[in-house]
Amino acid sequence: MTTMDPNAPFDPFLPFGGQAPLQPLQPLQPYMPEQTQMPMQTQMQGLPPLQEQVLGTMRQRQGPHGQTLGQSQRQAQSPSSPDDGSVALTIIHETLYHYAARVEQAHHLAYLKPLDQPCQRLESFTLDIEPEPSHCTTETDVYGNARSIFEMYAPHDALRVSATSRVIVRPRFEGITPEATQPWEDVAHALRYVAGGGFRREVEFTFASPYVAILAPLRDYARASFTAGRPLAEAAIELMQRVHADFTYASCSTDVSTPMIDAFMQRRGVCQDFAHVMLGCLRAVGLAARYVSGYLMSQPPPGQARLIGADASHAWVAVHCPGLGRQDDWLDLDPTNGMVPAASHAMLAWGRDYGDVTPLRGVIRGGGGHDLTVRVTVAPDNELIQQTPLLQDTP
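Here, residues in each chain are numbered from 1, in the same order as that chain's written sequence. Owing to the predicted nature of the model, reporting of local features is limited to residues with pLDDT of at least 70; listing and counting of side-chain atom pairs is limited to 80 or more, with chain, interface and lining totals taken over all residues. Water and hydrogen atoms play no part in the side-chain values, which are based on all heavy atoms of the structure.

1. What about the packing of aromatic side chains?
Between rings of Phe, Tyr and Trp, where Trp is taken as its six-membered ring, a pair exists when centres lie within 6.5 Å; planes separated by under 30 degrees are stacked, by over 60 edge-to-face, and by other angles tilted. Counted by the stated rule, this structure contains 11 aromatic pairs. On the numbers, 5.6 Å between centres and 45° between planes, the contact of Tyr 143 with Phe 205 is tilted. In this pair, Tyr 143 is assigned in the loop between strand E6 (135-140) and strand E7 (146-152) and Phe 205 in the loop between helix H2 (184-190) and helix H3 (216-223), connecting sequence segments 62 residues apart. Among the residues examined, Tyr 143 registers a relative accessible area of 13% and is labelled buried. For Phe 205, a relative accessible area of 6% corresponds to the buried category. By the ring-pair criterion, three or more aromatic residues cluster together here, those being Tyr 221, Phe 247, Tyr 249, Phe 264 and Phe 274. Placement of a positive charge over a ring is assigned whenever Lys NZ or Arg CZ falls within 6 Å of the ring centre and within 35 degrees of the normal to the ring plane. Arg 267 extends its terminal NZ or CZ atom over the ring of Phe 264, reaching a point 4.4 Å from the ring centre. For Arg 290, the ring lying beneath its charged end belongs to Trp 350, and the centroid distance is 3.9 Å. Working definition: helices are DSSP H or I runs of at least four residues, strands are E runs of at least two. Numbering for both runs from the N terminus. A 1.4 Å probe rolled over the protein chains alone gives each residue an accessible area, and that area as a share of the maximum for its type sets the label: buried under 20%, exposed over 50%, partly exposed in between.

2. Here we look at H3
Residues of H3 that are buried: Ala 216, Leu 218, Arg 219, Tyr 221 and Ala 222. A contact between two residues is defined here by any heavy atoms of the two lying within 4.5 Å. Lining the buried residues of H3 we find helix H4 (232-246), helix H5 (260-266) and helix H6 (271-284).

3. Points about the side chain of Ser 148
Mapping Ser 148 onto the fold places it in strand E7. Overall, the relative accessible area of 8% leaves Ser 148 in the buried class. In protein, a polar contact requires one atom able to donate a hydrogen and another able to accept it; more generally it is a pair of N or O atoms within 3.5 Å, and residues adjacent in sequence count only if both atoms are side-chain atoms. Of note is the side chain of Ser 148, whose polar atom sits 3.1 Å from the side chain of Thr 138. What Ser 148 contacts, discounting residues up to four positions off in sequence, is His 108, Leu 109, Ala 110, Leu 127, Thr 137 and Thr 138.

4. Notes on the nonpolar core
Throughout this description, the term nonpolar core refers to a set of buried Ala, Val, Leu, Ile, Met, Phe, Trp, Tyr and Cys residues connected via side-chain atoms within 4.5 Å. In this structure, Phe 226, Leu 282, Leu 287, Leu 331 and Leu 333 are the most contacted members of the largest nonpolar core, which totals 62 residues. Leaving out residues up to four positions away in the same chain, Leu 282 has contacts with Phe 226, Ala 236, Leu 239, Leu 287, Ala 289 and Val 319. Within the second largest apolar cluster, 22 residues are counted, among which are Leu 112, Ala 163, Ala 346 and Val 376.

5. Digging into the side chain of Asn 145
Within the element layout of this structure, Asn 145 appears in the loop between E6 and E7. Residues within four places of Asn 145 in sequence aside, it is in contact with Tyr 111, Leu 115, Glu 139, Thr 140, Ala 349, Trp 350 and Val 357.

6. Observations concerning the pattern of salt bridges
For this document, the term salt bridge refers to a Lys or Arg side-chain nitrogen within 4 Å of an Asp or Glu carboxyl oxygen. This model, assessed by the stated rule, comprises 12 salt bridges. Two residues, Arg 166 and Glu 123, come together in a salt bridge whose shortest N-O distance is 2.0 Å. Of this pair, Arg 166 sits in strand E8 (residues 156-169) while Glu 123 is found in strand E5 (residues 120-130), placing the two residues 43 residues apart along the sequence. For the pair Arg 166 and Glu 123, a shared accessibility class is recorded, and that class is buried. Here Glu 130 ties to Arg 160 by a salt bridge, and the two come within 3.8 Å at their closest N and O atoms. Note that Glu 130 is positioned in strand E5 and Arg 160 in strand E8, a separation of 30 residues in sequence.

7. A few points about H6
In an α-helix there are 3.6 residues to a turn, and that puts residues three or four apart on one side. Here H6 spans 20 Å end to end across 14 residues, near enough to the 20 Å set by a 1.5 Å rise per residue. One or two residues past the end of H6 sits Gly 286, with phi positive at roughly 90°. Working rule for helices: expected span equals 1.5 Å times residues minus one.

8. Digging into the sheet that holds strand E14 (residues 345-351)
Within the open sheet, the four strands sit side by side as E13-E12-E11-E14. Their pairing is antiparallel. The sheet is open, and its two borders are formed by strand E13 (330-333) and E14, each paired with just one other strand. Between one strand and the next, the sheet's axes are offset by a mean angle of 35°, whatever the strand orientation. Whether two strands pair depends on DSSP finding at least two bridges between them. With six bridges connecting them, strand E11 (residues 289-296) and E14 associate as antiparallel partners. Pairing of Val 292 across the sheet is with Trp 350, part of E14. A fitted line through C-alpha atoms serves as each axis, taken over the contacting stretch for helices, and the angle formed by two N-to-C directions is quoted from 0 to 180°. In this fold H4 packs onto strand E12 (313-320) and E13, with an angle of close to 15° to the strand it touches most, E13. On the sheet, H6 packs against E11, E12 and E13 and is oriented at approximately 10° with respect to E12.

Written out as structure tokens, the structure is:
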């Protein structure tokens, strides 16, 4: 048993500021495998980024707070012309599953409705589902995200979902002064547990989570940016730039079952891996950081039209950073692109890691193998989106 000296100075690189050396933890295995066989031919579907499921012929037309919109209401919410640097975006997220064998029963959970926040106004949301679910409900989770629950009791051999959103995104980090934020050690110290102290919601994002372990190699990597007395935002931005420079984006190099430490050691992965690695680094030095899922409006090459489906689900991080001069004191950072998100980043949901905000997952009985197609399009309102059918009725 290790004894601790209560008079020793706080060391944010050690657990709870104590003196015992930080030992590497075993990487946690994802709790949502891509497809795990379960008893009675029941299968679990937890899908990697860009690979969600499809759901049914039920259409929901909803406003930002979940109310159903009539035709006149939808017409009243016609595109506006923001003049404050905001960007009005239309987002179409389509997914299709074709099963090798008929699915007898299915239960699904979806995070496909964008957040409605002061920096991002959700003007409309439509969810097309087929075949029609036997039951469908939308509720708010513990982090304030909208999640939809679908249940299907009729046999089906295909599953479709199409989520269409219109959001107005405002540049939310213009004018911040990173060097004026608090020293990172002060922020980390304030997040430590104190007996009898008040509850702080940010503390939950300082701990390990199913996809993000707190490991010594991540702590060591972060130390190069988090030097003594450095302003938190300044250090976090440099860490983001280092991850962007040191890691290679490589499609299909990892999947949802790849441990985060593997992506860190091989210095390659996809946006989910970049986000998880940076979350691990920030939490390893005692800071609060959360995973943000969303969409990024990519720009086509000069002279070429926007490619339908070229955009994809995206992921980045947010670190709790008091002193930003903003309402919520969270600074978003996109290590995949090495940038502080602006009006081109639309937020879908946030949580501890990818597992909290998986766009679409579920449990099915039957199904066998499957073919999956996903297409995401993000475009400004002034660009006409001409969609073709996602896929014919047969694979």
